[in-house]
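A look at the structure
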Amino acid sequence: AVVLVIFSYYVIPKFMPLYNAIPGGMPFITSALVSMSNFMTGHPWVMLLILAIPIMIFRKKRDIARSKFMQLLFHKLPGIRSLTRNIYMSRYLRMIGQLSDAGLPVLQQIRILEEASSVKMYKDAWKSVGECIENGISLSEAFASNSDVLPPMVIGNIRAAEAAGDVARAANFLADFYTREVRLGVANVQVFIEPIFIVTIATFVGFLLFGMFLPLFDITKIIA
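Scoring rules and cut-offs
- Residues numbered from 1 in each chain as written.
- Predicted model: local features only at pLDDT ≥ 70, side-chain atom pairs only at ≥ 80, totals over all residues.
- Heavy atoms only, no water.
- Helix = DSSP H or I, 4+ residues; strand = E, 2+ residues; numbered from the N terminus.
- Buried < 20%, exposed > 50% of the residue type's maximum accessible area, 1.4 Å probe, protein only.
- Contact = heavy atoms within 4.5 Å.
- Salt bridge = Lys/Arg side-chain N within 4 Å of Asp/Glu carboxyl O.
- Patch = residues over 30% accessible without salt bridge, like charges linked within 9 Å, V, L, I, M, F, W, Y side chains within 5 Å.
- Areas by Shrake-Rupley, 256 points an atom, 1.4 Å probe, with all protein chains shown as cover.
- Lys, Arg positive; Asp, Glu negative; His and termini not counted.
- Charge placed at Lys NZ, Arg CZ, Asp CG, Glu CD.

Moving on: the side chain of Ser-140. Tracing the chain through its elements places Ser-140 in helix 9 (residues 139-144). Overall, the relative accessible area of 3% leaves Ser-140 in the buried class. The residues contacting Ser-140, other than those within four sequence positions of it, are Ile-155, Ile-158, Arg-159 and Glu-162.

Let us now look at the pattern of salt bridges. Per the stated rule, a full pass over the model turns up 5 salt bridges. We note a salt bridge from Glu-114 to Arg-111, for which the minimum N-O separation is 3.1 Å. Linking Glu-114 with Arg-111, this pair stays in helix 7 (residues 106-116), spanning 3 residues, or about one helical turn. Under the relative-accessibility criterion, Glu-114 is labelled buried at 17%. With a closest N to O distance of 2.8 Å, Lys-120 and Asp-124 form a salt bridge. Here Lys-120 and its partner Asp-124 are both found in helix 8 (residues 120-134), 4 residues apart, which amounts to about one turn of the helix. Look at Asp-124 and you get partly exposed, because its relative accessible area is 35%. Each of Arg-111, Glu-114 and Glu-134 takes part in one network of salt bridges that share partners.

The next point concerns the environment of Ser-128. Structurally, Ser-128 is set in helix 8. Judged by its relative accessible area of 21%, Ser-128 is partly exposed. Sequence separation of Ser-128 and Ala-144 is 16 residues, and the distance between their C-alpha atoms is 11 Å.

In this section: a positive patch on the surface. Side chains of Lys-61, Arg-62, Arg-66 and Arg-91 sit close together on the surface and give a patch of like positive charge. With respect to the secondary-structure elements, Lys-61 resides in helix 4 (residues 61-65).

Here it is in structure tokens:
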């Protein structure tokens, strides 16, 4: 945003006398950049808006991340999808372990998870698990009926823990496992995100420079 404002307000106007002297007019890309620059310099509020948008996004990043659209995007994008699932599994299993240690009934634990969930797919899954438990179905079988949301490893471990009578320990173990997976996943995502941002910014700045200096090639041809 800062680069765009600097180019539009300060750099491009410096080249305007050169552009106006080109016979036959400017190339399309340069003409579009000049039009953008003229519009932004003629409407200073646009530049303020461009600078304010990233600040607003940063301040509201939590609300944006919790929106239905972003949650759906997080659960669909390859790479991010598994990381998002691991984050929620870590949170939910940690809650199950803590609530089990506190001695709360299983159905009450599931109702708390349902109320605490802000993602529709998980809220619906916990609601379904709660309904299954109300109908006399075991916790592991209730989990298995929602295998499209809950991973097979969670279902298998809860089934074994339920048979051994130690669901709290299994839930805490799984929560620790998914926490480690989240840390590894975040590190891997950072490895990919940093070069993507660098390439994106470089491409954007390169496009601006290309559009600005493209008329110079026409001037060189005229001189030759």
